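Chains, contacts and geometry: an overview
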Amino acid sequence: MTADTTEPEEYAAGPAERRREQRGWYFYDFACSVYSTSVITVFLGPYLTSVARAAADAEGFVHPLGIPVRAGSLFAYAVSASLVVAILAMPMVGAIADRTGRKKPLLAASAYLGATATAGMFFLAGDRYLLGTFLLIVANASLSVSMVLYNAYLPQIAEPDERDAVSSRGWAFGYTSGALVLVLNLVLYSGHDSFGLTEGEAVRICLASAGVWWGAFTLVPLRRLRDRRLGPAAPERAGEGAVGSGWRQLRETLKDMRRHPLTLSFLLAYLIYNDGVQTVISQASIYGSEELGLDQTTLITAVLLVQVLAVAGALGMGRLARVHGAKRTILGSLAVWTLILAAGYFLPARSPVFFYFLAAAIGLVLGGSQALSRSLFSHLVPRGKEAEYFSAYEMSDRGLSWLGPLVFGLAYQLTGSYRDAIISLVIFFVVGFALLARVPVRRAVEAAGNPIPDRI
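Summary of the structure given here. (Residues numbered from 1 in each chain as written. Predicted model: local features only at pLDDT ≥ 70, side-chain atom pairs only at ≥ 80, totals over all residues. Heavy atoms only, no water.)

A word on the overall build of the protein chain. A count of helical and extended segments in the protein chain gives 19 helices and 2 strands. The proportion of buried residues among the 456 residues of the protein chain is 59%. For the protein chain, restricting intrachain contacts to residue pairs at least 6 apart in sequence, the fraction spanning at least 24 positions comes to 85%. (Helix = DSSP H or I, 4+ residues; strand = E, 2+ residues; numbered from the N terminus. Buried < 20%, exposed > 50% of the residue type's maximum accessible area, 1.4 Å probe, protein only. Contact = heavy atoms within 4.5 Å.)

Spelled out as structure tokens, the structure:
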């Protein structure tokens, strides 16, 4: 990027320019959500599990790095490991972005690393479970890093009263692309014989196509979004050497966040309940295929239903937030999540209709709970520190969501029951609800030095 493309102001000026950037910003959700939907939620869990079982010993264990791991737990452990890697990368990237004011090159690098790793899943065949595990870790960690940078644009491209709507539209764009690609995946997978493909080849094409989609549509936000020069302190902050001082900046960020204890209180609540959300999404296909005995076509159709209803849910909950406030709307969604998990525990095996009802309920609360959490947090971030604070947010969103998959994997390894694993996640929603209910969000916004919206 040349210097003359960097704008001097920290925030988008006029409404027309904001709308242009907002439309570009939506397209990163459109680009990367296909990975979350097709790869993590639908195909990779069951497929990597089958690859691991092909390499397992007589007792059903594989031995990566000499560690005995039940084949059915490998995917959950790999997701958890990817998020630990993300923890190490995200704070430094967020600090570099804020110190240099150059989010866009970092967004491009992380997005295309993740897209390349995803496209490489085409080569995941036979008993190559180690290759699959490596590519999953790289792709998932790259997505987390890219989302730090993507989310950090929100306070710069939307006024305070716009953010619930803008954030919700971003999620709606993502779920729209997820639904579109899932339809194409369903056609390819269900008709693989007529295309001259084996079932495994069809799955690998679906996995790789998510990486191609991710890379192609990332071009739109890279063209529309602008980097902005930092304020008066920019020369001093940028001149220290961003890479070498990234961790020093992280320590400074953590010290600064202690001056905003209400923001930290929200992050703690979000860390807990979002850990449950992310684990349900990443492990749903494993639960459906292994515990409920549902075929891949049923799982694809159910996730497609989630995508379609999540668009309506994100937009609908955005409207509810304008009436009741984001905090109350999120609390209501957490109550629904708790009921969903309880119902999931009792779902009868080989009953697609009940699974579809559960998928519909998930769709109606999934997008809204995530979109409103993002927009609510944007009000709690001090100006000029968006990427640093959103790196902490993203650590809560993905980077610290290693605990849920780890608990899920351990529960299955110890009990051999996915029902026991799924019901263990209820605690994340109950505790998250209690913590969020105690956060005085208006005081938190005021303490961060931001204008207070009419409804929050």
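Next comes the rest of the write-up.
To continue, consider the packing of helix α6 (residues 163–190) against helix α12 (residues 296–324). Put simply, α6 and α12 touch, their axes get as near as 9 Å, and they point 165° apart. Between α6 and α12, the angle is such that the two are roughly antiparallel. Considering the relative orientation of α6 and α12, their crossing is left-handed. (Axes fitted to C-alpha atoms, helices over the stretch in contact; angles between N-to-C directions. Parallel < 35°, antiparallel > 145°, perpendicular 65-115°, else oblique. Left-handed = near helix turned anticlockwise from the far one by under 90°.)

A full pass over the atoms with the stated rule returns 20 aromatic pairs. Between F27 and F173, the ring centres sit 5.5 Å apart and the planes meet at 75°, which makes this aromatic pair edge-to-face. With F27 in helix α1 (residues 15–55) and F173 in helix α6, this pair connects stretches of sequence that are 146 residues apart. Consider the rings of Y345 and F346, whose centres lie 5.0 Å apart with planes at 90°: the pair is edge-to-face. Among the aromatic residues, ring-to-ring pairing joins W25, Y26, F27, Y28, F30, Y150, F173, W213 and F217 into one connected group. A cation sits over an aromatic face here: K103 above Y153, 5.4 Å from the ring centre. Positioned above the aromatic ring of F122, the side-chain terminus of R204 is 5.0 Å from the ring centre. (Phe/Tyr/Trp six-rings, centres within 6.5 Å; stacked < 30°, edge-to-face > 60°. Lys NZ or Arg CZ within 6 Å of the ring centre and 35° of its normal.)

Turning to the pattern of salt bridges, a few remarks are in order. The tally for this structure, following the rule as stated, stands at 7 salt bridges. A salt bridge links R18 to E162; the shortest N-O distance between them is 3.3 Å. Of this pair, R18 sits in helix α1 while E162 sits in the loop between α5 (154–157) and α6, placing them 144 residues apart in sequence. A salt bridge links D29 to R374; the shortest N-O distance between them is 3.6 Å. You can see D29 sitting in helix α1 and its partner R374 sitting in helix α14 (residues 352–378), a full 345 residues away along the chain. When sorted by exposure, D29 lands in the same class as R374, which is buried. Among the charged side chains, a network of salt bridges with common partners joins E17, E21 and R226. (Salt bridge = Lys/Arg side-chain N within 4 Å of Asp/Glu carboxyl O.)

Note on backbone geometry: most residues besides glycine have negative phi, and most peptide bonds are trans. In this model, L65 sits at a positive phi of 55°, which is unusual for a non-glycine residue. As for its position among the elements, L65 is in the loop between β1 (61–62) and β2 (69–70). Here R350, not a glycine, exhibits a phi torsion of approximately 55°, which is positive. Structurally, the position occupied by R350 is in the loop between α13 (326–345) and α14.

Bringing the nonpolar core into the picture now. Ranked by size, the top nonpolar core spans 138 residues in total, and within it W25, L44, L136, W214, F266 and W337 carry the most contacts. Top contributing element to this core by residue count: α1, with 17 residues. Apart from the residues lying within four places of it in its own chain, the contact partners of F266 are Y273, S373, L376, F377, L380, L436 and V439. (Core = buried A, V, L, I, M, F, W, Y, C linked by side-chain atoms within 4.5 Å.)

With that settled, consider helix α7 (residues 199–217). In this model, α7 (19 residues) spans 27 Å end to end at C-alpha, consistent with the 27 Å of a helix rising 1.5 Å per residue. Within α7, burial applies to A202, V203, R204, C206, L207, A208, A210, G211, W213, W214 and G215. Along its buried surface, α7 packs onto α1, α3 (103–119), α4 (129–152), α6 and α8 (219–224). (Expected span 1.5 Å × (residues − 1).)

It is worth spelling out a nonpolar patch on the surface at this point. Where nonpolar side chains cluster on the molecular surface, the patch consists of F122, F123, L131, F134 and I205 and spans about 450 Å² of accessible area. For I205, the position within the fold is in helix α7. (Patch = residues over 30% accessible without salt bridge, like charges linked within 9 Å, V, L, I, M, F, W, Y side chains within 5 Å. Areas by Shrake-Rupley, 256 points an atom, 1.4 Å probe, with all protein chains shown as cover.)

On the surface, a cluster of positive charge is made up of R19, R20, R23 and R223. Here the positive patch takes 3 residues from α1, the largest share from any one element. For R223, the location among the structural elements is in helix α8. Owing to a relative accessible area of 71%, R223 belongs among the exposed residues under this scheme. (Lys, Arg positive; Asp, Glu negative; His and termini not counted. Charge placed at Lys NZ, Arg CZ, Asp CG, Glu CD.)

The next subject is α14. Between its terminal C-alpha atoms α14 stretches 39 Å, which fits the 39 Å expected from 27 residues at 1.5 Å a residue. Extensive coverage of α14 is indicated by the burial of 20 of its 27 residues.

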